[in-house]
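Fold and contact review
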Amino acid sequence: MAAALAGLALLVGACSSGSSLATPPVPTFPGPGAAPVTSAPPPRNSILPTECDQVLASDQVPNYLGMPLGSVRVAALRDVPAPSVGRLERVTCNYTSQGGPGAPPPNTLVLKVLTSGYTTPEAAAAQSRVNRDAQASSGVPAQPVPFGAAEAIYYPDPEGPVLVVVYGRVTASFTLTPDRPVPVDQAQPVLVDLALRALPVLVPQAGS
């Protein structure tokens, strides 16, 4: 555990960790350029948050992606469970541009966040390995990213760079549309920043 948290400390540099939300803890990261301090999310009966704006607020996503304020909207798609792989919940959040000066054309997908909740951490990790093998068969290499107690893998997919994070019973993938609006060569740090902001909310509370 000490080694894992040390790795996360290296990732965020001078940022200090905040309050714990789960066991093992998921730190929050105050300071300029980092995710704001996040208090414990309100109690919920589901593993995953029920609203996409609870994961990444659509009115803040333009700030994270370098777009004009008010230029992004979000739509949620809730999928059915998949008992064969131990998946209990899955929610897709599609963040799209509303157009305007400095923004991609209207209805352009700029960010997709796919979150899944599983019966056990082992089931979540197993499904992540299946996805990694599928990416490898398509010629997309897996690039591990230091992420403390969580596992994070970056995929430089030409169809959209992806960061996949696995923590306990939750998996989350963050996918950018190539060059819209984030240049591909800047995709990885932007995706890491988005994941750091979202993970404290995604981690299920004790008993959920």
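Above this text you will find the structure in question.
Residues numbered from 1 in each chain as written. Predicted model: local features only at pLDDT ≥ 70, side-chain atom pairs only at ≥ 80, totals over all residues. Heavy atoms only, no water.

The next thing to look at is the sheet that holds strand β1 (residues 72-79). Judged by pairing direction, the sheet is antiparallel, and its seven strands sit side by side in the order β1-β2-β3-β7-β6-β5-β4 without closing on themselves. Looking at the sheet topology across the chains shown, the edges are occupied by β1 and β4 (143-145). Neighbour-to-neighbour, the strand axes of the sheet open up by a mean angle of 20°, direction not taken into account. Direction of pairing for β4 relative to strand β5 (residues 151-155): antiparallel, over a ladder of three bridges. Within β5, the residue paired with Gln143 across the bridge is Tyr154. Sheet strands touched by helix α5 (residues 187-202): β3 (109-118), β4, β5, β6 (162-167) and β7 (170-176). Its angle to β7, the strand with the most contacts, is close to 145°. (Pairing = 2+ DSSP bridges. Helix = DSSP H or I, 4+ residues; strand = E, 2+ residues; numbered from the N terminus. Axes fitted to C-alpha atoms, helices over the stretch in contact; angles between N-to-C directions. Contact = heavy atoms within 4.5 Å.)

Okay, the state of the cysteines next. One pass over the full model with this rule turns up one disulfide. Here Cys52 connects covalently by a disulfide to Cys93, the sulfurs 2.1 Å from one another. Looking along the S-S bond of the Cys52-Cys93 disulfide, the torsion reads about -90°, which is the left-handed sense. One end of the pair, Cys52, is in helix α2 (residues 52-55); the other, Cys93, is in strand β2 (residues 87-97), and 41 residues separate them in sequence. Per residue, the accessibility class of Cys52 equals that of Cys93, and both read buried. (Disulfide = S-S within 2.5 Å. Buried < 20%, exposed > 50% of the residue type's maximum accessible area, 1.4 Å probe, protein only.)

The next point concerns the nonpolar core. Residues Leu56, Leu65, Tyr95, Leu111 and Phe174 are the most contacted members of the largest nonpolar core, which totals 40 residues. Looking at this core element by element, the count peaks at ten residues for α5. In contact with Tyr95, not counting residues within four places along its chain, are Cys52, Leu56, Ser58, Val61, Val72, Arg73, Val74, Thr108, Leu109, Val110, Leu111 and Val113. With nine residues, the next largest nonpolar core counts Tyr118, Ala123, Ala124 and Val162 among its residues. (Core = buried A, V, L, I, M, F, W, Y, C linked by side-chain atoms within 4.5 Å.)

Among the structural elements, Gln135 can be located in helix α4 (residues 121-137). With relative accessibility at 16%, the residue Gln135 sits in the buried group.

Bringing unusual backbone geometry into the picture now. The amide bond that connects Arg180 to the next residue, Pro181, takes the cis arrangement and shows omega of 0°. Along the chain, Pro181 falls in the loop between β7 and α5. A positive phi is found at Asn107, a non-glycine position, where the angle reads about 70°. With respect to the secondary-structure elements, Asn107 resides in the loop between β2 and β3. Look at Asn107 and you get exposed, because its relative accessible area is 56%. Residues other than glycine seldom take positive phi values, yet Asp179 does so here, at roughly 65°. Tracing the sequence through the fold places Asp179 in the loop between β7 and α5.

Another aspect to go through is the pattern of salt bridges. Summed over the entire model, instances satisfying the criterion amount to three salt bridges. Among the salt bridges present, the one from Asp79 reaches Arg87, with a minimum N-O distance of 3.9 Å. Taking the relative accessible area as the measure of exposure, Asp79 reaches 30% and is therefore partly exposed. Note that Arg90 and Asp79 form a salt bridge whose closest N and O atoms lie 2.4 Å from each other. Of this pair, Arg90 sits in strand β2 while Asp79 is found in strand β1, placing the two residues eleven residues apart along the sequence. (Salt bridge = Lys/Arg side-chain N within 4 Å of Asp/Glu carboxyl O.)

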